[in-house]
Amino acid sequence: MLLESVVERLGENGTLATGAVVIGLVFGFMAQRSRFCLRSAVIEFARNQMGGKLTVWLFAFATAVGATQALAWAGLFDASNARQIAARGSMSGAAIGGALFGIGMILARGCSSRLLVLAAQGNLRSLLSGLIFAVTAQSALTGALSPLRAVISEWWTIDGGGARDLIARTGIGHGGAFAFAALWMLAAIVWARRQRVPPWGWAGAIGVGLSIAGAWWLTYAVSTVAFDTHPIQSLSFTGPSAEVLNRVLFVTDKPVSFDLGLIPGVFLGSFLAAAMFGELKLEGFEGGPSMRRYIAGAMCMGFGGMLAGGCAVGAGLSGAAVFTATSWVTLSAMWLAAALTDRLVDQRPAGPLDQAVPGAAMAMRDGGAAA
């Protein structure tokens, strides 16, 4: 097999890290071109505006779920040993952490993946917010905030295995899960036609979704031919951001990993997309209040993402794609908390949202953007 020859040449860890760079590059490029952003989708929905952002997110969501379930249906992927399903989970952590993350992405004007994408094209606000996000996530994992995270996580736990697997609990099977994704894809197509979402909007979002499925397949496939144990995982930005920060700050003899390759790959892909389309631009803060808002938002996302066990991509796409119960709780909490925060904090029901979908008929100011 081709994969076995690659593993033999690069080693198990090298194959995972290299694959993560490639998948991250695709994700970063496509996310930058499509303006994929959960925050913008939530705001658009909450304000009852139809500018294409929700449709872009639905394309990514439906593709991630549909492609992942198609792989499982065909016997090419099995999520039963993935941490999101096999390990004991925390429903309290998912709900509270998801809510904190939703609050944070409104305050910081972008989720963790969006901050990385914007930082790559020169947004210094997003760069600082991303660094604070990573520091807070590391603190929640092993530092001063870890005891608090552990206490909240123990309030309401759920067993691993079938208890966390919504496909097993509902009995819909992989075919039913694929049909669920197909319905949302059909809705996205209908709305995209009505809203005249341009090619990069829907094509880039589909590329984002395929990156999720590709990561699930790669890590599973390597685990089937590897001698050592490797986690079956997909894209997420909380744990990997903390991992990269830890590697930068401290000398470690740990081997390279999927997480270590992901962040540089996404950054490079986003940078290349911005450079190719003339969108590299240095941007800073507008004042002290703005900086305080971004810092507070980044801290909420860092702690919330680690508490929930996933970010807007880790839970909202990767976890949802394998129908793990905690990820769906996290995603729901993100939506509800973000919509409420937007109403209470920004109070601009008719205000600008994000940088417009490329080619959209009505351009929107970047003042309300995920940046």
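Bear in mind the structure is a predicted one, so any value in this text is a computation, not a measurement.

1. Notes on the overall build of the chain
For the chain, the helix and strand inventory stands at 17 helices and 2 strands. A compact globule built from 371 residues would reach a C-alpha radius of gyration of about 21 Å, and the chain, at 19 Å, matches this within 12%. Over its C-alpha atoms, taken along the principal directions, the chain stretches across nearly 55 × 45 × 45 Å. Residue burial in the chain is summarised as follows: out of 371 residues, 55% are buried. Put simply, of all contacts in the chain between residues at least 6 apart along the chain, 82% involve residues at least 24 apart. Here the chain displays about 15500 Å² of accessible surface, and carbon together with sulfur accounts for 66% of that area.

2. Section: the side chain of Ser90
Within the secondary structure layout, Ser90 lies in strand β1 (residues 89–90). For Ser90, the side chain forms a polar contact with the main-chain oxygen of Ser153, separated by 2.8 Å.

3. Some points on a nonpolar patch on the surface
Side chains of Phe267, Leu268, Phe271, Leu272, Met276, Phe277 and Leu280 sit close together on the surface and give an oily, nonpolar patch of about 610 Å² of accessible area. Within the secondary structure layout, Leu272 lies in helix α14 (residues 258–276).

4. Thoughts on the nonpolar core
Of all hydrophobic cores here, the largest spans 75 residues; its most connected members are Phe27, Phe36, Leu38, Trp57, Phe101 and Leu235. At 11 residues, helix α4 (residues 53–73) tops the list of elements feeding residues into this core. Beyond its immediate stretch of four places on either side in the chain, Leu235 contacts Ile23, Phe27, Ser211, Ile212, Ala215, Phe258, Leu262, Val313, Gly314 and Ser318. Judged by nonpolar contacts, the second largest core, of 7 residues, contains Ala137, Ala140, Phe303 and Leu307.

5. Digging into the environment of Gly98
Looking at the secondary structure, you find Gly98 in helix α6 (residues 91–107). Judged by relative accessible area, which is 0%, Gly98 ranks as buried. Expressed as a C-alpha distance, the spacing of Gly98 and Leu280, which sit 182 residues apart in the sequence, is 32 Å. Setting aside residues no more than four positions away along its own chain, Gly98 makes contact with Gly93, Gly304, Ala308, Thr330, Ala333 and Met334.

6. Concerning helix α3 (residues 38–46)
Most of α3 is tucked away: 7 of the 9 residues are buried. Turning to α3, the residues buried within the fold contact α4, α6 and α17 (325–346). Positive phi appears at Asn48, one or two residues downstream of α3, with a value of about 55°.

7. Overview of unusual backbone geometry
Positive phi, close to 60°, is recorded for Arg35, a residue that is not glycine. With respect to the helices and strands, the residue Arg35 is situated in the loop between α2 (12–34) and α3.

8. Re the confidence of the model for the chain
A low pLDDT score tells you not to read the predicted coordinates there in detail. Of the residues in the chain, 92% reach a pLDDT of 70 or more, and the chain-wide mean stands at 90. A low-confidence stretch, residues 349–371 stays under pLDDT 50, and its non-local contacts, those more than four residues away or across chains, total 74 contacts.

9. Some thoughts on the packing of helix α7 (residues 112–120) against α14
Put simply, α7 and α14 touch, their axes get as near as 8 Å, and they point 50° apart. Looking at the two axes, α7 sits oblique to α14. The two elements α7 and α14 meet at a crossing, and its hand is right-handed. Residues Leu116, Val117, Ala119 and Ala120 of α7 touch α14, and the partners they reach there are Ile263, Val266, Phe267, Ser270 and Phe271. In the contact of α7 with α14, the residues fall into 8 nonpolar, 1 polar and no charged.

10. Structural notes on the packing of aromatic side chains
A full pass over the atoms with the stated rule returns 15 aromatic pairs. For the pair Trp57 and Phe61, a centre-to-centre distance of 5.1 Å together with 15° between the ring planes defines the contact as stacked. With a gap of 4 residues between them, Trp57 and Phe61 both fall in helix α4, about one helical turn apart. Accessibility assignment for this pair places Trp57 and Phe61 in one class, buried. Measuring from centroid to centroid gives 5.5 Å for Trp57 and Trp335, while their planes differ by 75°, and the two rings are edge-to-face. Of this pair, Trp57 sits in helix α4 while Trp335 sits in helix α17, and the two are 278 residues apart along the sequence. By relative accessible area, Trp335 is classed as buried at 17%. Ring pairs connect the aromatic residues Phe45, Trp57, Phe61, Phe180, Trp184, Phe323, Trp328 and Trp335, which therefore count as one cluster. Note that Arg33 overlies the ring of Phe277, its terminal NZ or CZ placed 3.8 Å from the centroid.

About the thresholds
Residues numbered from 1 in each chain as written. Predicted model: local features only at pLDDT ≥ 70, side-chain atom pairs only at ≥ 80, totals over all residues. Heavy atoms only, no water. Helix = DSSP H or I, 4+ residues; strand = E, 2+ residues; numbered from the N terminus. Rg over C-alpha atoms; globule rule 2.2 N^0.38 Å. Buried < 20%, exposed > 50% of the residue type's maximum accessible area, 1.4 Å probe, protein only. Contact = heavy atoms within 4.5 Å. Areas by Shrake-Rupley, 256 points an atom, 1.4 Å probe, with all protein chains shown as cover. Polar contact = N/O pair within 3.5 Å; in protein donor to acceptor, adjacent residues only side chain to side chain. Patch = residues over 30% accessible without salt bridge, like charges linked within 9 Å, V, L, I, M, F, W, Y side chains within 5 Å. Salt bridge = Lys/Arg side-chain N within 4 Å of Asp/Glu carboxyl O. Core = buried A, V, L, I, M, F, W, Y, C linked by side-chain atoms within 4.5 Å. pLDDT = per-residue confidence, 0-100. Axes fitted to C-alpha atoms, helices over the stretch in contact; angles between N-to-C directions. Parallel < 35°, antiparallel > 145°, perpendicular 65-115°, else oblique. Left-handed = near helix turned anticlockwise from the far one by under 90°. Nonpolar A, V, L, I, M, F, W, Y, C, P; charged D, E, K, R; others polar. Phe/Tyr/Trp six-rings, centres within 6.5 Å; stacked < 30°, edge-to-face > 60°. Lys NZ or Arg CZ within 6 Å of the ring centre and 35° of its normal.

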